[in-house]
Amino acid sequence: MFAYELHKIRSAQLIREADDYRLVRTAQRRRRSADHAARQTRSHSSRRGRSVFTRAA
């Protein structure tokens, strides 16, 4: 009986660790995609050093 209880405890611990790891990976993936989206909108909205006003001829 003792070995079975240790097995159940270890199994539950491994399941918790796997869930924590999955949560961390999901958070990292979302953060990375949000950073990437922010960089994309920033790079497309900037004018790369050009003036907003037109030059006089």
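Whatever comes next refers back to the structure up there.
Residues numbered from 1 in each chain as written. Predicted model: local features only at pLDDT ≥ 70, side-chain atom pairs only at ≥ 80, totals over all residues. Heavy atoms only, no water.

Chemist: So what exactly am I meant to see when it comes to a positive patch on the surface here?
Modeler: Together, Arg25, Arg29, Arg30 and Arg32 make up a positively charged patch on the protein surface. Turning to its location among the elements, arginine 30 is positioned in helix α1 (residues 2–45). Note on arginine 30: relative accessible area 62%, which makes it exposed. (Patch = residues over 30% accessible without salt bridge, like charges linked within 9 Å, V, L, I, M, F, W, Y side chains within 5 Å. Areas by Shrake-Rupley, 256 points an atom, 1.4 Å probe, with all protein chains shown as cover. Salt bridge = Lys/Arg side-chain N within 4 Å of Asp/Glu carboxyl O. Lys, Arg positive; Asp, Glu negative; His and termini not counted. Charge placed at Lys NZ, Arg CZ, Asp CG, Glu CD. Helix = DSSP H or I, 4+ residues; strand = E, 2+ residues; numbered from the N terminus. Buried < 20%, exposed > 50% of the residue type's maximum accessible area, 1.4 Å probe, protein only.)

Chemist: Can you help me understand a nonpolar patch on the surface in this one?
Modeler: On the surface, a cluster of nonpolar side chains totalling about 340 Å² of accessible area is made up of Phe2, Leu6 and Ile9. Structurally, the position occupied by leucine 6 is in helix α1.

Chemist: Where do I start with the pattern of salt bridges in this structure?
Modeler: Side chains that carry opposite charge are capable of pairing whenever their charged atoms lie near each other. For the structure shown, the criterion picks out one salt bridge. Between aspartate 19 and arginine 22 there is a salt bridge, and its shortest N-O distance comes to 2.8 Å. Of this pair, aspartate 19 and arginine 22 both sit in helix α1, three residues apart, roughly one helical turn. On the basis of relative accessibility, which here comes to 34%, the residue aspartate 19 falls in the partly exposed class. On the basis of relative accessibility, which here comes to 49%, the residue arginine 22 falls in the partly exposed class.

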